[in-house]
Amino acid sequence: MTGLGGRLVTALVAMAVAATLPSAGPGAPRFLGPPRAAAAEVPAEIDPALLRPEIVWKPIPYGSKRKRQMARYSRRHYGVRSWRLVDPPVIVQHYTAGLSWRSAWNHFASNDPWNGERPGTCTHFIIDRDGTIYQLVRLHVRCRHVVGLNHVAIGIEHVGTSDRMVLDDPQQMRSSLALTVWLQARFGIAIGDVIGHAEALEHRLHHELVESWRCLVHADFPHRAMREYRDRLREALTAAGVPAGHGVDWRPSGC
Ligand SMILES: [Zn+2]
């Protein structure tokens, strides 16, 4: 696996080439003076829209009632009543522990309580095993997918029963990296803030007001799997010309 698909790389190369070519035509000057900046320096401002992978919009019901539940959840667990996700600085990777995107979608759509509270769990994206990316929730809306970080994090679920299964699936990984690179470019998210669910307790922004919930976490995408994921992500970011930003910055969780 080398990262992003050829379409994106081709587009970026085309941009860089176009930026360095003089306009042709009878009036074009014959001598162009000193060469312009090297191509690598040209795309300082990449339009994130060019990096957006194909996404299938499959919204779960998330009306005003669920938004009120999310706002109240946020007040209990983070201290501020809001359902809005503003400039999310973190991306959390998960796997569904199942083999069907539809059963995962049904689960998130159900709004069944988890750990005695509503709204039910949810995710912004599900990536199927064939690489199809489904979006369930708008990016300005909070999803409940990771205790301690729901107020700041975008959630990406991968259909599969282990992180190894996801990492070994070229189609799924191609889509996962393309989606993550686009989100990083769009929101300026550093590679060190692309984390696995199992890494959440050690993230510097982890915040949980309910004492009995402070150490709650799941085992999906631990350090070992995420080191491999981030290595591949770094390659994909380089290919796309997107700055990787700072690395991981773990804090002792005390859990
Ligand atoms: Zn998870």
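Just above sits the structure.
All figures in this text were calculated on a predicted structure; none of them were measured in a lab.

## Let's talk about the overall build of the protein chain
- Helices and strands together make up the secondary structure of the protein chain, namely six helices and six strands.
- Written out in order from the N terminus, the α and β elements of the protein chain read α-β-α-β-α-β-β-β-α-α-β-α.
- In the protein chain, buried positions account for 38% of the 255 residues.
- Across the protein chain, the fraction of contacts at a sequence separation of at least 24, relative to all contacts at a separation of at least 6, is 75%.

## Things to note about the sheet that holds strand S5 (residues 153–158)
- Reading across from one edge, S1-S4-S3-S5-S2-S6 is the order of the six strands in this open sheet, with mixed pairing throughout. Among the strands making up the open sheet, the edge pair consists of strand S1 (56–57) and strand S6 (194–196).
- Each of strand S2 (90–95) and S6 touches helix H6 (residues 223–240); the most contacted strand, S6, lies at about 155° to it.

## What to know about the pairing of S2
- Extensive coverage of S2 is indicated by the burial of six of its six residues.
- Neither face of S2 is left uncovered, since the one carrying Val90, Val92 and His94 and the one carrying Ile91, Gln93 and Tyr95 both have all their residues buried.
- Bridge count between S2 and S6: three bridges; the pairing is parallel. Its bridge partner lying in S6, Val92 is registered against Ile195.

## A short note on the pairing of S5
- Judged by how many residues are buried, S5 sits mostly within the fold: six of six residues are covered.
- Neither face of S5 is exposed, since Ala153, Gly155 and Glu157 on one face and Ile154, Ile156 and His158 on the opposite face are all buried.
- Of the pairings in the sheet, the one linking S2 to S5 comprises six bridges and is parallel in character. Counterpart to His94 in the pairing with S5 is Glu157.
- In this sheet, S5 lies alongside strand S3 (residues 125–127) in parallel orientation, the contact comprising three bridges. The residue bridging Phe125 from the neighbouring strand is Ile156, located in S5.

## Considerations on unusual backbone geometry
- Put simply, Arg118 and Pro119 share a cis peptide bond, and its omega is 5°.
- Along the polypeptide, Pro119 turns up in the loop between helix H3 (101–110) and S3.
- Not every positive phi belongs to a glycine, and Asn115 is a case in point at roughly 55°.
- Turning to its location among the elements, Asn115 is positioned in the loop between H3 and S3.

## Quick notes on the nonpolar core
- If you look at the biggest cluster of nonpolar residues, it comprises 53 residues, and the most contacted ones within it are Ile91, Val92, Ile126, Ala153, Leu179 and Val181.
- By residue number, the principal contributor to this core is helix H5 (residues 170–187), which donates eight residues.
- Among all residues touching Ile91, those that are not within four sequence positions of it are Ala153, Ile154, Ile156, Thr180, Leu183, Ile189, Asp193 and Val194.

## Structural notes on H6
- Here H6 contains 18 residues, and its C-alpha end-to-end distance of 25 Å stays within 8% of the 26 Å for a straight helix at 1.5 Å per residue.
- Burial in H6 covers these residues: Ala225, Met226, Tyr229, Arg230, Leu233, Ala236, Leu237 and Ala240. For H6, the arc enclosing every buried residue in end-on projection is 120°, short of the 170-degree limit, so these residues lie on one face. Set apart from the buried face of H6 by more than 90 degrees, the exposed residues are Arg224, Arg227 and Asp231.
- Just downstream of H6 lies Gly241, where phi reads positive at about 75°.

## Considering the environment of His223
- Mapped onto the elements, His223 comes out in helix H6.
- Spatially, the C-alpha atom of His223 lies 8.5 Å from that of Ile195, the residues being 28 residues apart in sequence.

## What to know about the packing of H5 against H6
- At a minimum axis separation of 10 Å, H5 and H6 run at an interaxial angle of 60°. It follows from the interaxial angle that H5 and H6 lie oblique. Remark: the crossing between H5 and H6 carries right-handed chirality. Of the residues in H6, those touching H5 at Met173, Leu177, Thr180, Val181 and Gln184 are Arg232, Leu233, Ala236, Leu237 and Ala240.
- Residue composition of the contact of H5 with H6, by class: seven nonpolar, two polar and one charged.

Quick notes on the rules
- Residues numbered from 1 in each chain as written.
- Predicted model: local features only at pLDDT ≥ 70, side-chain atom pairs only at ≥ 80, totals over all residues.
- Helix = DSSP H or I, 4+ residues; strand = E, 2+ residues; numbered from the N terminus.
- Buried ≥ 20, exposed ≤ 12 C-beta atoms within 10 Å, placed from the backbone.
- Contact = placed C-beta atoms within 7 Å.
- Pairing = 2+ DSSP bridges.
- Axes fitted to C-alpha atoms, helices over the stretch in contact; angles between N-to-C directions.
- Core = buried A, V, L, I, M, F, W, Y, C linked by C-beta atoms within 7 Å.
- Expected span 1.5 Å × (residues − 1).
- Arc of directions from axis to C-beta.
- Parallel < 35°, antiparallel > 145°, perpendicular 65-115°, else oblique.
- Left-handed = near helix turned anticlockwise from the far one by under 90°.
- Nonpolar A, V, L, I, M, F, W, Y, C, P; charged D, E, K, R; others polar.

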